[in-house]
Amino acid sequence: MADPMDDSPREACGVVGIYAPHDPVAHLNYLALYALQHRGQESAGIAVSDGENITVVKDMGLVATVFDDRTLATLEGCLGIGHTRYSTAGSSTWRNAQPVFRSAGDHQFVLGHNGNLTNTAQLAEETSILPGMIGSDSDLIAELLAIEIGQMPPSSRADGKVLEEALKKVLPRLEGAFSLVLADEKRVIGVRDPNGFRPLCLGRLDRGWVLASETPALDIVGAHLLRELAPGEMVVINGEGVKSVSPFPEERVDPRLCLFEFVYFSRPDSVIYGQSVHHARVRMGELLAEQSPVEADLVMGVPESGLPAAEGFSRASGIPYGQGLVKNRYIGRTFIAPSQQMRSMGVRMKLNPLRDSIEGNRLVVVDDSIVRGTTTRALVAMLREAGAAEVHLRISSPPYRWPCFFGMDTGDRTELLAAHLSVAEMCDYVGADTLAFIDLEGLTQATGAVGAGFCNACLTGDYPVAVPVAPPGSISLGRGAAQFADAEVEASPSLWATGNG
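Keep in mind the model is a prediction, meaning the values are calculated, not measured.

Participant: So what's going on with the packing of aromatic side chains? Which residues, and what values?
Facilitator: Taken as a whole and assessed by the stated rule, the structure comprises 10 aromatic pairs. Here the aromatic rings of Phe-197 and Phe-406 are separated by 4.3 Å at their centres, their planes lie at 10°, and the arrangement is stacked. With Phe-197 in the loop between strand 8 (188-192) and strand 9 (201-205) and Phe-406 in the loop between strand 21 (390-395) and helix 15 (423-430), the pair connects residues that are 209 residues apart, well separated along the chain. Assessed through its relative accessible area of 1%, Phe-197 is described here as buried.

Participant: Residue-level account of the pattern of salt bridges, with values.
Facilitator: Any two side chains of opposite charge can pair, so long as their charged atoms come close to each other. The full count for this structure, using the stated rule, is 20 salt bridges. Between Glu-164 and Lys-243 there is a salt bridge; the shortest N-O distance is 2.7 Å. You can see Glu-164 sitting in helix 6 (residues 162-170) and its partner Lys-243 sitting in strand 13 (residues 241-245), a full 79 residues away along the chain. Residue Glu-164 is classed as buried on the basis of its relative accessible area of 2%. Its relative accessible area of 34% is what places Lys-243 among the partly exposed residues. Residue Glu-233 is joined to Arg-227 by a salt bridge in which the shortest nitrogen-to-oxygen separation is 2.7 Å. Taking the relative accessible area as the measure of exposure, Glu-233 reaches 6% and is therefore buried. You can call Arg-227 partly exposed: its relative accessible area is 31%. A network of salt bridges, in which partner residues are shared, links Arg-39, Arg-198, Glu-214 and Glu-261.

Participant: Hey, could you go over helix 1 (residues 25-35) for me, with residue numbers and the actual values?
Facilitator: Judged by how many residues are buried, helix 1 sits mostly within the fold: 8 of 11 residues are covered. Taken as a whole, helix 1 has its buried residues at Val-25, Ala-26, Leu-28, Asn-29, Tyr-30, Ala-32, Leu-33 and Ala-35.

Participant: Pulling in residues and values, what's your account of the sheet that holds strand 20 (residues 362-367)?
Facilitator: An order of 17-20-21-22 is seen for the 4 strands of this open sheet, with the pairing classed as parallel. The open sheet is flanked by strand 17 (298-301) and strand 22 (434-437), the only strands paired with a single partner. Taken pair by pair, the neighbouring strands of this sheet meet at an average axis angle of 20°, ignoring direction. Relative to strand 22, strand 21 runs parallel, the two sharing 4 bridges. When the sheet's bridge partners are listed, Ile-395 is paired in strand 22 with Phe-437. Sitting on the sheet, helix 14 (residues 374-385) is in contact with strand 17, strand 20 and strand 21, with an inclination near 150° to strand 21. Packing against the sheet, helix 15 makes contact with strand 21 and strand 22, and its axis sits at approximately 130° to strand 22.

Participant: Can you tell me about the sheet that holds strand 5 (residues 100-104), naming the residues and giving the values?
Facilitator: Read across the open sheet, the 6 strands follow the order 5-6-7-8-12-13; overall the sheet is antiparallel. Edge strands, defined here as strands with exactly one partner in the open sheet, are strand 5 and strand 13. Strand-to-strand twist of the sheet, defined as the mean angle between neighbouring strand axes without regard to direction, takes the value 20°. Here 5 bridges tie strand 5 to strand 6 (residues 107-114), and the two strands are oriented antiparallel to one another. Bridge pairing in strand 6 places Arg-102 opposite Phe-109.

Participant: Tell me about the confidence of the model for the chain, and please be specific about residues and values.
Facilitator: Predicted confidence across the chain gives a mean pLDDT of 87, with 84% of residues reaching 70 or more. The low-confidence segment residues 1-5 (pLDDT under 50) makes 19 contacts with residues lying over four places distant or belonging to another chain. Note that residues 333-340 has pLDDT below 50 and, in this model, 21 contacts with residues that lie over four places away or in other chains.

Participant: Describe the environment of Val-56, listing the residues and the values that go with them.
Facilitator: Structurally, Val-56 can be placed in strand 3 (residues 54-60). Residues within four places of Val-56 in sequence aside, it is in contact with Ile-46, Ala-47, Pro-99, Phe-101 and Val-110.

Participant: Please set out the nonpolar core residue by residue, giving values where relevant.
Facilitator: Counting residues in each nonpolar core, the largest one holds 47 residues, and the members touching the most others are Phe-260, Phe-262, Met-284, Phe-313, Val-364, Val-366 and Phe-406. Put simply, the parts of the chain that give this core at least two residues each are strand 14 (257-258), helix 8 (260-265), helix 9 (277-291), helix 10 (306-317), strand 20, helix 16 (440-447), strand 23 (454-455) and helix 17 (457-460). Looking at which element gives the most residues to this core, the answer is helix 9, with 6 residues. Among all residues touching Met-284, those that are not within four sequence positions of it are Phe-262, Val-263, Ser-396, Ile-438, Leu-443 and Ala-446. Listed in part, the 33 residues of the second largest apolar core include Leu-117, Leu-144, Leu-145 and Met-234.

Participant: Now, about the pairing of strand 2 (residues 43-49): what can you tell me, with residues and values included?
Facilitator: With 7 of its 7 residues buried, strand 2 lies for the most part within the structure. In the sheet, strand 2 pairs with strand 3 via 7 bridges, with the strands oriented antiparallel. Bridge pairing in strand 3 links Ser-43 to Met-60. Where strand 2 lies against strand 4 (residues 79-85), 7 bridges are found, and the strand directions are antiparallel. For Ala-44, the partnering residue across the bridge sits in strand 4 and is Thr-84.

Participant: Pulling in residues and values, what's your account of the environment of Pro-353?
Facilitator: Its place among the elements puts Pro-353 in strand 19 (residues 351-353). Residue class for Pro-353 comes out buried when judged on its relative accessible area of 11%. For the pair Pro-353 and Leu-379, spaced 26 residues apart in the sequence, the C-alpha separation amounts to 9.3 Å.

Participant: Which residues make up the packing of helix 5 (residues 137-150) against helix 6, and what values do they have?
Facilitator: Interaxial distance between helix 5 and helix 6 falls to 9 Å at its minimum, and their mutual angle equals 115°. Comparing their axes, helix 6 and helix 5 come out roughly perpendicular. Pair helix 5 / helix 6 crosses with right-handed handedness. Two secondary-structure elements touch here, helix 5 through Leu-144, Leu-145, Glu-148 and Ile-149 and helix 6 through Val-162, Leu-163, Ala-166, Leu-167, Lys-169 and Val-170. Considering only residue class, the contact of helix 5 with helix 6 consists of 8 nonpolar, no polar and 2 charged.

Participant: Describe unusual backbone geometry, naming the residues involved and giving the relevant values.
Facilitator: With an omega of 10°, the peptide bond running from Gln-98 to Pro-99 counts as cis. Assignment of secondary structure puts Pro-99 in the loop between strand 4 and strand 5. Cis peptide bonds are those with omega within 30 degrees of zero, and the linkage from Pro-303 to Glu-304 qualifies with 0°. Looking at where Glu-304 falls in the secondary structure, it is placed in the loop between strand 17 and helix 10. Within the chain, Tyr-273 stands out as a residue other than glycine whose phi angle is a positive 50°. Within the element layout of this structure, Tyr-273 appears in the loop between strand 15 (271-272) and strand 16 (275-276). Overall, the relative accessible area of 22% leaves Tyr-273 in the partly exposed class.

Reading the values: rules and limits
- Residues numbered from 1 in each chain as written.
- Predicted model: local features only at pLDDT ≥ 70, side-chain atom pairs only at ≥ 80, totals over all residues.
- Heavy atoms only, no water.
- Phe/Tyr/Trp six-rings, centres within 6.5 Å; stacked < 30°, edge-to-face > 60°.
- Helix = DSSP H or I, 4+ residues; strand = E, 2+ residues; numbered from the N terminus.
- Buried < 20%, exposed > 50% of the residue type's maximum accessible area, 1.4 Å probe, protein only.
- Salt bridge = Lys/Arg side-chain N within 4 Å of Asp/Glu carboxyl O.
- Pairing = 2+ DSSP bridges.
- Axes fitted to C-alpha atoms, helices over the stretch in contact; angles between N-to-C directions.
- Contact = heavy atoms within 4.5 Å.
- pLDDT = per-residue confidence, 0-100.
- Core = buried A, V, L, I, M, F, W, Y, C linked by side-chain atoms within 4.5 Å.
- Parallel < 35°, antiparallel > 145°, perpendicular 65-115°, else oblique.
- Left-handed = near helix turned anticlockwise from the far one by under 90°.
- Nonpolar A, V, L, I, M, F, W, Y, C, P; charged D, E, K, R; others polar.

Here is the structure:
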């Protein structure tokens, strides 16, 4: 059961691919997934190849729950991939846990996916796949590859590049967000969609290579960051090294990394577009202080992603920085709450106020976003109960007004507070004294990567690629800016837009 009080954006998955014939590949995958646990807590899986056969172990739960020393000892291989999942629109079931395995003739391969396809229904119809036959868009990609491999003549399979050749034919048909790691018996492959919505980087081990969603996964296994995969790039790793391939038409390549990777999703110790995520969040707070100053006694951040921005706000404003909330680090993203009364306790299960810091003080409370407003409203009430004289909210992202179709789960537009209320009305709803958001220009500037290319559709409604459902009263969604009627718009993924997580 999803935490009804969790107001934060929820992301898709973490993916890892490792080619290291002389190292314990399963253990390295485990460590890398551990570093990416924040990207998905519903299921975890590792697949390894010994050069002849692929073995997959996956289950529901956290990485440390699914794997132990005994499990990892059975996964002997020279290469492998790993996946930790948070479902977006797809159901949270064992069937949808990854990696996805397929056997096509005498060839085997596995796939891990971060993101959401936007043309799932079209692809399924073209391939005559009926609803219910596949569990997610990741499952569909694997099925398309298996079909393509099955159609190859035996003469074309002799060089062992079957999976690589199948990808060259299938990838141009995919639209939306997909950072992929794949493996067959002898190679690991990484792919980033032509917009680069989701991150994927390449690292070097002493005797191997690592692909991962974020750079901390490289750090934990002792790999050196070489570079981020370019949007639209496919890399093939085997005993000969790394080969880069461009399977997409040049006109489709348009860098649009999700801006919320800097705001919330990525770990603060990650490096994206060559920039430190932590330093970017500090700069967000500094710009917030410049754009929306306020007289107060204490600046405090909402753990965890609000803390660096709070430091920046304090530094720029001169208002002392302090700790006002203690986070229970053993509460995950889900808990069972059978009654409304218990659901209202959700914030207190995760955060507890430090009364000595709060009582009698005018507080600046810095958080990363407001999506539905439930957590924020409960948080403000809790701070007032703890004796806060004033509560001034400062948010390090602009108002979140549009649903995401590229791997971020926030529900449909009817659930988004900023889609229906002005900032003043939002302030009144959550019970704060003042409320202010950083503007889009300031947020982009804070990343340190102005001009690198970002997707900000959740903030502007400008979708870089076509999305699966045209909202009522809207103009047909084509490639480029989505033009929505400003009235009561509801945009939610269709039956076929089932996200892998």
